[in-house]
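Okay, here's what each chain looks like letter by letter:
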Amino acid sequence: MDSTRILNLGIEGPQDVVTVRQRARQLSGLLGFGQQEQVRIATAVSEVARCVCRHVYGGRAVFTLEQSGRRRELLVTIRDNGGPARVQQHGSEPDQAGKQFDTAIITARRLMDGCDVSYQADHALTVSMQKALQPGQRVDPAHLAELGAQVAASPAATSFSEVQQQNQELASALAELRERQDDLLALTRELEDTNRGVVALYAEIEEKAERIRKADEMKSRFLSNTSHELRTPLSSIRALAQLLLDRMDGELSVEQERQILFIASAANDLSNLVNDLLDLAKIEAGKVQISVAPIDVGNLFSALKGMLRPLAQNPRVELLFIEPEAPVSFVSDDSKLAQILRNFVSNALKFTEQGQVVVQLAPHADPDMICFAVSDTGIGIIPEHLHLIFEEFSQIEHPLQRGAKGTGLGLPLCRQLAALLGGQVEVSSTAGAGSTFTLVLPRRSDLQPEQGA
């Protein structure tokens, strides 16, 4: 660190304190500090100098420029001459002198960038105050010598002239403070207007949110009531179609059997839609019953294999369940879990023309979580459409999609069921190469069965 001394002033009496304040203000002005910074530096230096003058046998004030790399700062060091304090000569109490010194140091630390206090071996007190210079200010040694000479050559101020200068500084500070106060009042009025607008906006948002909430409740009630009302006639249609197919009323012609099969198939599709709508309505209304119990993955896969085998009607698509080598068990709701995996497998079979649909456990970074993965070699999904598949009644345009029946409720229902079980649904896909849907659930569930219809 380079150090260049600019001024060295003695402090023996009150007039010297006035001179130190004047020189501090002049030098800071020549170094490029603004009007406010000049007043701050002069005030900090004079407060410390006054304490040194009043309570010890004088001292010295040294002004230097410190430079370390690109950082340059004005360093003012005030050091007393050591020896016993003068407080007894002035009749002052030592405690009162200490309080005045502490106040001066607090003031200096507020006004300067830094203020350090240290004691030397000879009991001499040293106070170092720093103030960083603005970038771009000329501070080469020749210029510093010129500044020191210029300040030293200027006439020393009297106490009267220094008081006048301080009064001018105070008047300037008050004028600036009044201007800032006016600006603050204007900003306050503007903020009040903005706050009124925000309050009105929040009121409008709350009103719209209430309308949306009521509309959502009405939608849930409508779905629930409609689903219940549709179940009875659908059950009758399915039962009557099965009676006809069982030849309970006599033989059927080939055309009659074909038409009745169409009726039964349409009734089954509509029944599945009604069931999905009713499940969604129950979840949104918070009326889904949760029944947690230990689940063995091997038994779960065996049950799903028998349940889903009829869906694998395409001879070019193989449905595989890869059971874990060692028994794996966890705690969850087996019916909700089976419903999610059935939807995954059904979608995979629906959109896979050839290849495999594989159901297996996948590794997970968290040992407290269990992960099921359903992978296929189907049409895949482009990244832009991944968020659409979890929206209700949303289906992606594709030639194979147009040939597959569906309402777009399966995956949204899976996501809500997974959240209900404390887990989540994830998907990764490559267009034309297939997709992998994963279900991540906690191995141990703290869920309690919910009350509801």
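This text gives an overview of the structure that appears in the document.

Tracing the backbone through its elements, the reader meets Thr126 in strand S5 (residues 125-132). If sequence neighbours within four positions are ignored, Thr126 has contacts with Thr77, Ile78, Arg79, Asp116, Val117, Ser118 and Gln120.

To continue, consider the sheet that holds strand S11 (residues 424-430). With respect to topology, 5 strands assemble into an open sheet ordered S7-S9-S10-S12-S11, the strand pairing being mixed. Strand pairing shows two members of the sheet lacking a second neighbour, strand S7 (317-322) and S11, which therefore form its edges. Put simply, the sheet's adjacent strands are angled 15° from each other on average, direction ignored. When S7 meets strand S9 (residues 355-362), the two strands line up parallel, connected through 6 bridges.

A few words now on the nonpolar core. Leu337, Phe344, Phe372 and Leu439 are the most contacted members of the largest nonpolar core, which totals 44 residues. For this core, the secondary structure elements donating two or more residues are helix H7 (254-285), helix H8 (297-308), S7, helix H9 (334-350), S9, strand S10 (369-376), helix H11 (410-420) and strand S12 (434-442). Of all the elements, H9 adds the most residues to this core, at 8 residues. Discounting chain neighbours no more than four positions away, the residues touching Phe372 are Val297, Leu300, Phe301, Phe330, Leu337, Leu341, Gln360, Leu361, Phe437, Thr438 and Leu439. Residues Phe63, Leu74, Cys115 and Met129 belong to the second largest nonpolar core, which totals 38 residues.

Time to look at the sheet that holds strand S1 (residues 2-11). On the basis of which strands lie adjacent, the open sheet formed by 5 strands has the order S1-S2-S3-S5-S4 and antiparallel pairing. Among the strands making up the open sheet, the edge pair consists of S1 and strand S4 (114-119). Looking at each pair of strands side by side, their axes are set apart by 20° on average, direction ignored. Here helix H1 (residues 14-30) sits on the sheet in contact with S1, strand S2 (59-68) and strand S3 (71-80), set at roughly 150° to S1.

A word on the pairing of S11. The pairing of S11 with S12 spans 7 bridges and is antiparallel. The residue of S12 that forms the bridge with Val427 is Phe437. Joining the antiparallel neighbours S11 and S12 is a turn of 3 residues, in which Gly432 adopts a positive phi near 85°.

Moving on: the environment of Leu341. Looking at where Leu341 falls in the secondary structure, it is placed in helix H9. Relative accessible area serves as the criterion here: at 1%, Leu341 is assigned to the buried category. When the C-alpha atoms of Leu341 and Val374 are compared, they prove to be 7.8 Å apart, with 33 residues separating the residues in sequence. Residues in contact with Leu341, not counting those within four places in the same chain, are Leu300, Leu304, Phe372 and Val374.

Glancing now at the environment of Pro383. As for its placement among the helices and strands, Pro383 is situated in the loop between S10 and helix H10 (399-403). Taking relative accessible area as the criterion, Pro383 reaches 62% and is therefore assigned exposed. Spatially, the C-alpha atom of Pro383 lies 8.8 Å from that of Ser428, the residues being 45 residues apart in sequence.

On the surface, Val198, Leu201, Tyr202 and Ile205 cluster together to form a nonpolar patch covering roughly 370 Å² of accessible area. Along the chain, Ile205 turns up in helix H6 (residues 159-245).

Let's shift gears to the pattern of salt bridges. With the rule as written, the count across this model stands at 13 salt bridges. Of the charged contacts, one joins Arg247 and Glu257 as a salt bridge, the two residues approaching to 3.2 Å between their closest N and O atoms. Taken together, the residues Arg247 in the loop between H6 and H7 and Glu257 in helix H7 connect sequence positions 10 residues apart. Exposure remark for Glu257: the relative accessible area of 28% places this residue in the partly exposed category. Look at the salt bridges and you will find they share partners, linking Glu37, Arg40, Asp113 and Lys131 into a network.

The next subject is the packing of aromatic side chains. In total, this model carries 4 aromatic pairs according to the counting rule given. With centroids separated by 6.2 Å and ring planes inclined at 65°, the aromatic side chains of Phe301 and Phe372 adopt a geometry described as edge-to-face. You can see Phe301 sitting in helix H8 and its partner Phe372 sitting in strand S10, a full 71 residues away along the chain. Here Phe301 falls in the buried class, since its relative accessible area comes to 0%. By relative accessible area, Phe372 is classed as buried at 0%. An aromatic cluster is present here, built from Phe301, Phe321, Phe330 and Phe372 joined pairwise through their rings.

The rules behind these values
- Residue indices follow the written sequence of each chain, beginning from 1 at its first position.
- Only residues with pLDDT of at least 70 are given local features in this predicted model, and only at 80 or more are side-chain atom pairs given and counted; all residues enter the totals for whole chains, interfaces and linings.
- Hydrogens and water molecules were not included; the side-chain quantities draw on all heavy atoms of the structure.
- Comment: elements are numbered from the N terminus, with helices defined as DSSP H or I runs of at least four residues and strands as E runs of at least two.
- In this analysis, two residues are considered to be in contact whenever any of their non-hydrogen atoms come within 4.5 Å of each other.
- Two strands are counted as paired when DSSP detects at least two bridges linking them.
- Axis definition: a line fit to C-alpha positions, over the contact stretch in the case of helices; interaxial angles, taken between N-to-C directions, run 0 to 180 degrees.
- Buried residues of nine kinds, namely Ala, Val, Leu, Ile, Met, Phe, Trp, Tyr and Cys, make up a nonpolar core once their side-chain atoms join them within 4.5 Å.
- The buried label goes to any residue with under 20% of its type's maximum accessible area, the exposed label to any with over 50%, and the partly exposed label to all in between, with areas taken from a 1.4 Å probe on protein chains only.
- For patches, a residue must show more than 30% relative accessible area and have no salt bridge; joins then use 9 Å for like charges and 5 Å for nonpolar side chains, namely Val, Leu, Ile, Met, Phe, Trp and Tyr.
- Only the protein chains shown count as cover for residues, and the accessible areas themselves come from Shrake-Rupley with a 1.4 Å probe.
- A pair is scored as a salt bridge if a Lys or Arg side-chain nitrogen falls within 4 Å of a carboxyl oxygen belonging to Asp or Glu.
- Between rings of Phe, Tyr and Trp, where Trp is taken as its six-membered ring, a pair exists when centres lie within 6.5 Å; planes separated by under 30 degrees are stacked, by over 60 edge-to-face, and by other angles tilted.

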